[in-house]
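Chains, contacts and geometry: an overview
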Amino acid sequence: MPAIEPSLPVAKTKAVAGHAAKERRAAWVLTAPALTLMVIVLLAPVIIAGLLSFTNYSLGNSGFDWVGTRNYEKLFTRATYEKMFLATLTYVVTVVPVSVGLGLGTALLINSLGRFREIYKTIYFLPVMATLLAMAIAWEFMLHPSIGMVNRTLEMGCGTFLEQIWPFMADGCADRFPVWLGDKRYAIWVICFIGVWQGFGFNMVLYLAGLTSVHRELYHAAEMDGAKSAWERFRLVTWPALGPTTVFVVTITCIRAFQVFDTIEAFWPQGGGPNKSTYVMMFAIFEKGIQQNLIGVGSAITMLFLAFVMFLTLIQRWLVERKVHYK
Amino acid sequence: MTRDWWKHLILILGVIVVLAPFYMMVSYSFKSPGEIDRGEGGFFGQQQLMVDERCVKLRDPDRNDIAAAADRFPGQSDSTIRDALAAEATAECSMRPVVFNYTKAFTEAPLLRYLLNGVIVTASIFLIQVVVALPAAYALAKLKFWGRDAVFGLVLFCLLIPVHAIALPLYIMLAKLGLTNTYAALVVPWTISVFGIFLMRQFFMTVPDDLIDAARMDGMGEFAIVWRVMLPTAIPALLAFAIFSIVAHWNDYFWPRIVVTGNRDLFTPPLGLREFKGDGDGSFFGPMMAAATVIVTPLIVAFLVAQKRFIEGITLNGMK
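What you are looking at is a predicted structure, and each value in this text was computed from that prediction instead of being measured.

A word on the overall build of chain A. Within chain A, the regular secondary structure consists of 15 helices and zero strands. In terms of C-alpha radius of gyration, chain A reaches 27 Å, well past the compact-globule figure of 20 Å for 327 residues. For chain A, the spread of C-alpha atoms along the principal axes amounts to about 95 × 75 × 30 Å. Looking at chain A as a whole, 51% of its 327 residues qualify as buried.

Turning our attention to the domain arrangement of chain B. Accessible area lost on assembly of the parts is the figure often given for the size of an interface. Residues and elements named next belong to chain B. With domains assigned, chain B is organised as domain 1 (5–108) and domain 2 (111–279). Using only C-alpha atoms to locate each centre, domain 1 and domain 2 end up separated by 43 Å. Each side of the interface is counted separately: domain 1 has four residues, and domain 2 has five residues. Area buried by domain 1 at its contact with domain 2 is led by Ala 105, Phe 106 and Glu 108, which between them contribute 98% of it. For the interface between domain 1 and domain 2, the tally reads zero salt bridges. Applying the counting criterion to the domain 1 and domain 2 interface returns zero residue pairs in polar contact (both at pLDDT 80 or more). Counted by class, the side of domain 1 that touches domain 2 contains two nonpolar, no polar and two charged residues.

Our next topic: the confidence of the model for chain A. Across chain A, the average pLDDT comes to 86, with 93% of residues at or above 70. In the predicted structure, residues 1–8 of chain A sits below a pLDDT of 50 and forms three contacts with residues beyond four places in sequence or in another chain.

Residue and element names in this part refer to chain A. For chain A, the assigned domains are domain 1 (1–52) and domain 2 (71–321). Distance from the C-alpha centre of domain 1 to the C-alpha centre of domain 2: 42 Å. Counting residues at the interface gives four residues for domain 1 and seven residues for domain 2. Ranking the residues of domain 1 by area buried against domain 2 places Val 46, Ala 49 and Leu 52 at the top, with a combined share of 86%. Seen at the junction of domain 1 and domain 2, the total is zero salt bridges. Between domain 1 and domain 2 we count zero residue pairs in polar contact (both at pLDDT 80 or more) in total.

How each quantity is defined
Residues numbered from 1 in each chain as written. Chains lettered and ligands numbered in written order. Predicted model: local features only at pLDDT ≥ 70, side-chain atom pairs only at ≥ 80, totals over all residues. Heavy atoms only, no water. Helix = DSSP H or I, 4+ residues; strand = E, 2+ residues; numbered from the N terminus. Rg over C-alpha atoms; globule rule 2.2 N^0.38 Å. Buried < 20%, exposed > 50% of the residue type's maximum accessible area, 1.4 Å probe, protein only. Domains from an automatic or database assignment. Contact = heavy atoms within 4.5 Å. Buried area = accessible area lost by both parts, 1.4 Å probe. Salt bridge = Lys/Arg side-chain N within 4 Å of Asp/Glu carboxyl O. Polar contact = N/O pair within 3.5 Å; in protein donor to acceptor, adjacent residues only side chain to side chain. Nonpolar A, V, L, I, M, F, W, Y, C, P; charged D, E, K, R; others polar. pLDDT = per-residue confidence, 0-100.

So this is what it looks like as structure tokens:
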């Protein structure tokens, strides 16, 4: 913004000053609705959750007691919450690298093709668009132990060489194939799989956009410097050039992964899966806070959740801001 | 092309996994319960006439029906009339599986109502988001005022807070106000889109100041400038934001699940589908998959028609 020229005549400066006051007023009127809503809808709840996490409040009770950090202590001592952290962590630590890796892999493959690029791109993006709850129900049928497509397909492998080389197959054929959603050994992995299935297309599209910005000349330069193999070119040119995309993709996938809920509620409306093996944080907030009206504990989980998500976003911003600035 | 065969092989395997649940969902919505059970019938099923047992049961002739039908079958015994009526019922309750599945989807639960609710909720959310965010974005981008940096700082801070994460305190606030189980509860938490403000501000920064100065010369107030000068320039960005917002809220399940309890009139499509699942026994796979297909289809079709815009809109986040 250019500053007001000092050589302006006095009358004009006054007019400008009058205009500035008007502009100021207009600006506050224009931002007022947004500001009000930001405070009521976003900031106030964070503060309320923070306060309630130190109480034993329940909806419908007239009063409440301050209980200090007891709610937080529960989170770190009870077995249920240990399972909660384990499930959330397993999910995030699995889904983030796998869906980012698959996203990058498919983007590189598609980018190197001459034909059919658009078709692959469209198909891989479909799960991102589809209502996750509906697709969760479809997956539930696919994974049905007796009539589901997954086990039927696996049964076709019985009696073939697969039985010899793959112990899982041999066991399945001898006895029966897993019940997937009812088995605590598989439940969380099924949830992870659906998370990857749904999300990697999103990452792929972001990577494809990132790849278009890698300059051709860079590859030539790398080749001249002796980077002959495809792997060398990837390591020296593509990967560094995709840095900003990767930072963004990893953060957004992390934040989404923390929020997994739909599939779990669809498969196990109560209790968070066999032996609570899929009892993730979002589901815990829902179950404790809303269904069981234990608002203190629910708020404590909410605060931890917010802390995780904010921490991640701040790391991302710090990484990004070393490159670009918003002004 | 021939050199790339292995790439196509990998990608096609991926395509099979990605499409499998869609294939199954649509295929089951065509098939009869028997075909689903036995895994027969290919993609479309045999489409042989099937009898809707529930419908037959409802029409099971009792004494009054037989008496009423007596003059249609003169001189026949009650049991013959009864058999004839039952045969009629069976004939009238027979239909092709695809018709059965889709009619059941719309009659067992008020699916149309759910779809309408989905449209009402997503449309109101988007409109309010624009009405709130656009003026603020304009002020932050183009007006000089004391506190502007503070307000923008607040926007950047609020970007850190995912609304789903603060669902519990929001729910308590709404419950205290007696607003749970209302359209307001479904819409209010989403009325402020800090992301929208941020996005539109970045866009408005690129609009030349001359355009605004010219409008001021013409005697336009700031309010008129927002809606009559800035809005038209922002159409492409707004369209992308619209897709982003509509896809997110049509598909959202978590928030409606929390604030709408039991009142079917307010169910959004995902909630309706969930209830459908709760009700159904095994024989209801077909109708349920029909309902799922109906709910998923609008966005998928829109996506296939306007792919580029959709991908732009959904990945908007990438501009952060």
